[in-house]
Amino acid sequence: MTREPKHSPPADTAMARILVADDDLRLLESLASLLEQQGYMVTQALGGKEACDQLSTRTFDLAMLDLRMPGMDGFEVMSHAAKVQPKCCIIVVSGESSFNAVSRALRRGAQDYIRKPFDPDEMLATLEAVLGRQSLVRAHADVQQRLEKSEALHRYIVNSSPDIVFMLDGEGRFCFVNSKIESLLGYNCEELHGKHFRHILDEQDVARGTYALRDSSITAENPRTLEVRLKTRGSQKANRHFEITAFPIDHETWPLAADFNGRTPGRKARFYGTARDVTERKEAEAFINFQAYHDLLTRLPNRALFTDRLNLAITHARRSKQKLAVMFLDLDRFKVINDTLGHAMGDLLLQAVTQRLEHCIRKGDTLSRFGGDEFTLLLPAINHSDDARRIAKKLIDALKAPFQLGEHEVFVGVSIGIAIYPEAGMSLDQLIQNADIAMYHVKARGKDGYRFYSESMSIDTANRLSLERDLRQALENNELRVYYQPQVCANSGRIVGLEALVRWQHPERGLLYPRDFLPLAEETKLIVELSEQVLSQACRQVNEWILDGNKNLRLAVNLSPIQVEHPRFVEHLTRQLKTEGFPAKNLEIEITENVIMNDLEQISQKLRQLADLGVRIAIDDFGTGYSSLNYLHHLPIHTLKVDQSFVRAIRNGEDGACIVNAIVAMAHGLKLDIIAEGVETDAQLAYLRGLGCHQVQGFFYGPAQPADAISKLLDRQQIRAVV
């Protein structure tokens, strides 16, 4: 019999699962009872075979085996246990006391040996010791496993990080860097160990990057954060932008930082941190900043950036008592090209114009797109206004050559207004506004040139604004009047045509002539509406005279370049004729040579369409423009109008007479009609008649007159015809 044990097992081993195997049933039950009283979970096995079966089907922390058991002894059970449950501890409880048996049992894996008959306290102490050692082994294995998992996890996190993770020693040399540096910058981790981190810094950031880590104020709570560019290795790609955050390492709290990873013996890691690739963010910021201050079509500075630079230039000029120039550039004929060929071609033209203009300016100058087809140019430091004059001439010359847009060859010019600091203004707004005013004076005088601002222009501008307002009201209030100048057969003296000329019955200024307001109408684009009103009035009036018996009476109208160059010019004109019920064969449109040559291809097509409808085409002011025989021969032109400057010069031996002779001879050769303008004397009329000039008009037959006066002339002509 066994006696009661003197103590209880430790709590961490009390719930151990124990297999007890013996061929002596009485001893087996006694041992099992003793263990159960101590709180152990006990399973009995009567003999070796049953013990092996239990080991195969259930899990045990410890097995207590007798060595001598019939059928299958304890050594065989130990061998089976080593196969199916190698972590199960073995204690031999046996009456076998030979050295060989004990030694053999221990070699087979038994943790201890208890001889029968055993002392209960001794047996329990041995049991507790074995289970305690097993618990420590398992705890150590568990800790080791958790450490291995933790290390693997941290290694995975570090190497899978989207950022570069690094450690540096006190001198800034790499102690550790994760594999992300390979995919981002192309460096091998091993090659960087022991190298200073400036090795991968962009040359422009070396000084700033190395200085940043010398700051003594860096702490864990106040890490160093900076943005630098890092070099890519063995790649044509540009260097990339990184946001670097570096923390100091406290060796008291992390002694492992010394001799990190065993790679750099004797050196301590002083900093650890991350480098995050922010290239895309920096590029996005740069693009947003570019959008804010540049025109995306031409890539030029926009109005905001131009005004910033002009402000700085004014400040510098004031301090250094220098001059500067502001130029306002407006493209001539751009709107016509844009409307005719479309916005895509217009954009291409603006880009091509920009390239030519940029080749004319100095490195420190600022060319900007102010909006639409308007540009501004800042010359920040000039010695004299002649410097600006030379640049203006270069800009004008640069745009004279034609532009090739796909299959189209187009011409543009530029009107330039120039304001000099400080004479033309002391502030940004004054300089830009006065350059704009000077540009408008260029437009009013025929475009494609330059002018410097003067104080007198401000007065003209005030009058211009007032006149523009009045002109808009005139169009609304039908204040425009049509006067008619007869075109007379040089031989018979009969009126064969009437040229419609506009007058403005101003409510305060009285009757205004075309020279007083047509340039303004052209500049403000009111000319189209004005011309349509004039043509409508003239068609209605002349149609009455045609229906009244003057069936061959011709109406001559002078059309503005803006009208003719409009892409829907033919459509608008034919619709207006249809609306007024005016016969197309009685209409003659007058255009200048310059309008034709600005875009020969497009204008030719439009003139042919009108000629097919019966409309006659006349070249106005012939001899003052291109005078190209080529276009005269190929276009559907019916009439040449000799400019009055040549007619006035008809005197014996003067050049004007020679020019008139040549023009009349040319017209006869091309079978074209001739109308001489500005005929004022008998001598001029006789000379022209002698040359064979078909028709004349001028003060010799009277000035342009209102409709009621013309009605009387036509009536008298009909009476003479009847008589």
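Thresholds applied
Residues numbered from 1 in each chain as written. Predicted model: local features only at pLDDT ≥ 70, side-chain atom pairs only at ≥ 80, totals over all residues. Heavy atoms only, no water. Helix = DSSP H or I, 4+ residues; strand = E, 2+ residues; numbered from the N terminus. Contact = heavy atoms within 4.5 Å. Areas by Shrake-Rupley, 256 points an atom, 1.4 Å probe, with all protein chains shown as cover. Expected span 1.5 Å × (residues − 1). Buried < 20%, exposed > 50% of the residue type's maximum accessible area, 1.4 Å probe, protein only. Pairing = 2+ DSSP bridges. Axes fitted to C-alpha atoms, helices over the stretch in contact; angles between N-to-C directions. pLDDT = per-residue confidence, 0-100. Salt bridge = Lys/Arg side-chain N within 4 Å of Asp/Glu carboxyl O. Right-handed = clockwise from strand over helix to strand, strands pointing away. Core = buried A, V, L, I, M, F, W, Y, C linked by side-chain atoms within 4.5 Å. Parallel < 35°, antiparallel > 145°, perpendicular 65-115°, else oblique. Nonpolar A, V, L, I, M, F, W, Y, C, P; charged D, E, K, R; others polar. Phe/Tyr/Trp six-rings, centres within 6.5 Å; stacked < 30°, edge-to-face > 60°. Patch = residues over 30% accessible without salt bridge, like charges linked within 9 Å, V, L, I, M, F, W, Y side chains within 5 Å. Lys, Arg positive; Asp, Glu negative; His and termini not counted. Charge placed at Lys NZ, Arg CZ, Asp CG, Glu CD. 1 Å grid on protein atoms, 1.4 Å probe; cavity = no way out; pocket = protein on both sides within 12 Å on 5 of 7 lines; lining within 4 Å. Points joined across faces, edges and corners; volume = space filled by probe spheres on them. Polar contact = N/O pair within 3.5 Å; in protein donor to acceptor, adjacent residues only side chain to side chain.

Novice: Outline the overall build of the protein, listing residues and values.
Specialist: On a plain count of helices and strands, the protein comes out with 27 helices and 26 strands. The long-range fraction of contacts in the protein, counting pairs at least 24 apart against all pairs at least 6 apart in sequence, stands at 63%. Of the accessible surface of the protein, which amounts to about 36,800 Å², a share of 51% is contributed by carbon and sulfur atoms.

Novice: I'd like to hear about helix H14 (residues 385-398), residue by residue, with values.
Specialist: Spanning 14 residues, H14 covers 20 Å between terminal C-alpha atoms, matching the ideal 20 Å at 1.5 Å per step. Of all the residues in H14, the buried ones are Ser385, Asp387, Ala388, Ile391, Ala392, Leu395 and Ile396. Check the buried side of H14 and you find it contacts strand S11 (323-332), helix H13 (343-358), strand S13 (374-382), strand S16 (413-421) and strand S17 (450-452).

Novice: Just give me the short version of the sheet that holds strand S7 (residues 174-177), but keep the residues and values in it.
Specialist: The sheet built from five strands is open, its strands ordered S7-S6-S10-S9-S8 with antiparallel pairing. Two strands bound the open sheet, and with one partner strand each, they are S7 and strand S8 (224-230). If you compare each strand with its neighbour and ignore which way they point, the axes differ by 25 degrees on average. Summarising the sheet, S8 and strand S9 (residues 240-248) pair through seven bridges and their orientation is antiparallel. Note on S9: the bridge partner recorded for valine 228 is phenylalanine 242.

Novice: Got a sec to walk through the confidence of the model for the protein? Specific residues and values, please.
Specialist: Here the protein averages 83 in pLDDT, while 88% of its residues score no lower than 70. Within the model, pLDDT remains below 50 along residues 257-263, and this stretch shows 19 contacts once partners closer than five positions in the same chain are excluded.

Novice: Please give an account of the pattern of salt bridges that cites residues and values.
Specialist: If you walk through the whole model with that rule in mind, you get 30 salt bridges. Two residues, glutamate 171 and arginine 173, come together in a salt bridge whose shortest N-O distance is 2.9 Å. Its relative accessible area of 25% is what places arginine 173 among the partly exposed residues. For arginine 240, the salt bridge goes to aspartate 277, with nearest N and O atoms at 2.8 Å. Of the two residues, arginine 240 sits in strand S9 while aspartate 277 sits in strand S10 (residues 269-277), which places them 37 residues apart along the sequence.

Novice: Please set out helix H12 (residues 334-341) residue by residue, giving values where relevant.
Specialist: Turning to H12, its buried residues number three or more, namely Phe334, Val336, Ile337, Asn338 and Leu341. The elements touched by buried residues of H12 are S11, H13, strand S14 (403-405), strand S15 (408-410), helix H19 (561-565) and helix H22 (600-613). A positive phi of about 100 degrees marks glycine 342, the residue just after H12.

Novice: Report on the pairing of strand S2 (residues 41-46), specifying residues and quantitative values.
Specialist: Of the pairings in the sheet, the one linking strand S1 (residues 17-22) to S2 comprises six bridges and is parallel in character. Counted as the bridge partner of aspartate 22 is leucine 46 from S2. With respect to chirality, the unit in which S1 leads through helix H2 (residues 25-37) into the neighbouring parallel S2 is right-handed.

Novice: Summarise the nonpolar core; cite the residues concerned and give the values.
Specialist: Counting residues in each nonpolar core, the largest one holds 75 residues, and the members touching the most others are Tyr484, Leu530, Leu587, Ile589 and Leu640. The biggest single contributor to this core is helix H18 (residues 527-547), with nine residues. If we ignore the near neighbours within four places in the chain, the residues touching leucine 587 are Leu535, Leu555, Val557, Leu573, Leu577, Phe582, Val615 and Arg616. In terms of nonpolar packing, the next biggest core, distinct from the first, is built from 34 residues, Ala325, Leu395, Phe403 and Val410 among them.

Novice: So what's going on with the packing of helix H3 (residues 48-57) against helix H4 (residues 74-84)? Residues and values would help.
Specialist: Two numbers describe how H3 lies on H4: the axes approach to 10 Å, and their chain directions differ by 5 degrees. Between H3 and H4, the interaxial angle falls into the category roughly parallel. Contacts from Gly48, Ala51, Cys52, Leu55 and Ser56 of H3 reach H4 at Val77, His80, Ala81 and Val84. Looking at the contact of H3 with H4 residue by residue, the class counts come to six nonpolar, three polar and no charged.

Novice: Please provide a residue-by-residue account of the sheet that holds S17, values included.
Specialist: Ordered in space as S12-S13-S11-S16-S17, the five strands form an open sheet in which the pairing is mixed. Looking at which strands have only one partner, the edges of the open sheet turn out to be strand S12 (366-371) and S17. On average, each strand axis in the sheet is inclined to that of its neighbour by 20 degrees, with strand direction left out of account. Strand direction decides the pairing type here: S11 and S16, joined by nine bridges, are antiparallel.

Novice: If you had to explain the packing of aromatic side chains to someone new, which residues and values would you point to?
Specialist: Throughout the structure, instances matching the rule amount to seven aromatic pairs. With 6.2 Å between their ring centres and 85 degrees between their planes, tyrosine 450 and phenylalanine 452 make a pair best called edge-to-face. The class of tyrosine 450 is partly exposed, set by a relative accessible area of 23%. Taken together, a centroid distance of 5.3 Å and an interplanar angle of 75 degrees make the contact between tyrosine 484 and tryptophan 545 edge-to-face.

Novice: Tell me what's going on with a positive patch on the surface, and back it up with residues and numbers.
Specialist: Together, Arg494, Lys712, Arg716 and Arg720 line one region of the surface with positive charge. Judged by relative accessible area, which is 43%, arginine 716 ranks as partly exposed.

Novice: Tell me about empty space enclosed by the protein, residues and numbers included.
Specialist: Taken as a whole and judged by the stated rule, the model has three cavities of 30 Å³ or more. Here the largest cavity defines a volume of roughly 210 Å³. In terms of lining, the largest cavity is formed by 17 residues, of which the most central are Phe166, Leu168, Phe197, Leu230 and Ile244. Across the lining of the largest cavity, the residue classes tally to 16 nonpolar, one polar and no charged.

Novice: So what's going on with unusual backbone geometry? Residues and values would help.
Specialist: In this chain, lysine 116 is followed by proline 117 through a cis amide linkage whose omega measures -15 degrees. For proline 117, the location among the structural elements is in the loop between strand S5 (112-115) and helix H6 (120-160). Positive phi, normally seen in glycine, also occurs at arginine 299, with a value near 65 degrees. At arginine 333, a residue that is not glycine, the phi angle is positive and equals roughly 70 degrees. For arginine 333, the position within the fold is in the loop between S11 and H12. Accessibility expressed as a relative area gives 24% for arginine 333, which makes it partly exposed.

Novice: Describe the pairing of S16, listing the residues and the values that go with them.
Specialist: Here S16 lies mainly inside the structure; nine of its nine residues are buried. Burial along S16 is two-sided: the face carrying Gly413, Ser415, Gly417, Ala419 and Tyr421 and the face carrying Val414, Ile416, Ile418 and Ile420 are both buried. Where S16 and S17 come together, three bridges link them in parallel fashion. The residue bridging isoleucine 416 from the neighbouring strand is tyrosine 450, located in S17.

Novice: Describe in detail the side chain of arginine 616, supporting the description with residues and values.
Specialist: Within the secondary structure layout, arginine 616 lies in strand S23 (residues 616-622). Separated by 3.1 Å, the side chains of arginine 616 and glutamate 588 make a polar contact. At 3.1 Å, the side chain of arginine 616 forms a polar contact with the side chain of threonine 639. What arginine 616 contacts, discounting residues up to four positions off in sequence, is Arg554, Lys585, Leu587, Glu588, Ile589, His638, Thr639 and Asp673.

Novice: Could you give me a rundown of the environment of histidine 384, with the residues and numbers involved?
Specialist: Along the polypeptide, histidine 384 turns up in the loop between S13 and H14. Spatially, the C-alpha atoms of histidine 384 and isoleucine 420 are 9.1 Å apart, while their sequence positions differ by 36 residues. Within polar-contact distance, the side chain of histidine 384 engages the side chain of serine 385 at 3.4 Å. In terms of polar contacts, histidine 384 uses its side chain to reach the backbone amide nitrogen of aspartate 386, at 3.1 Å.

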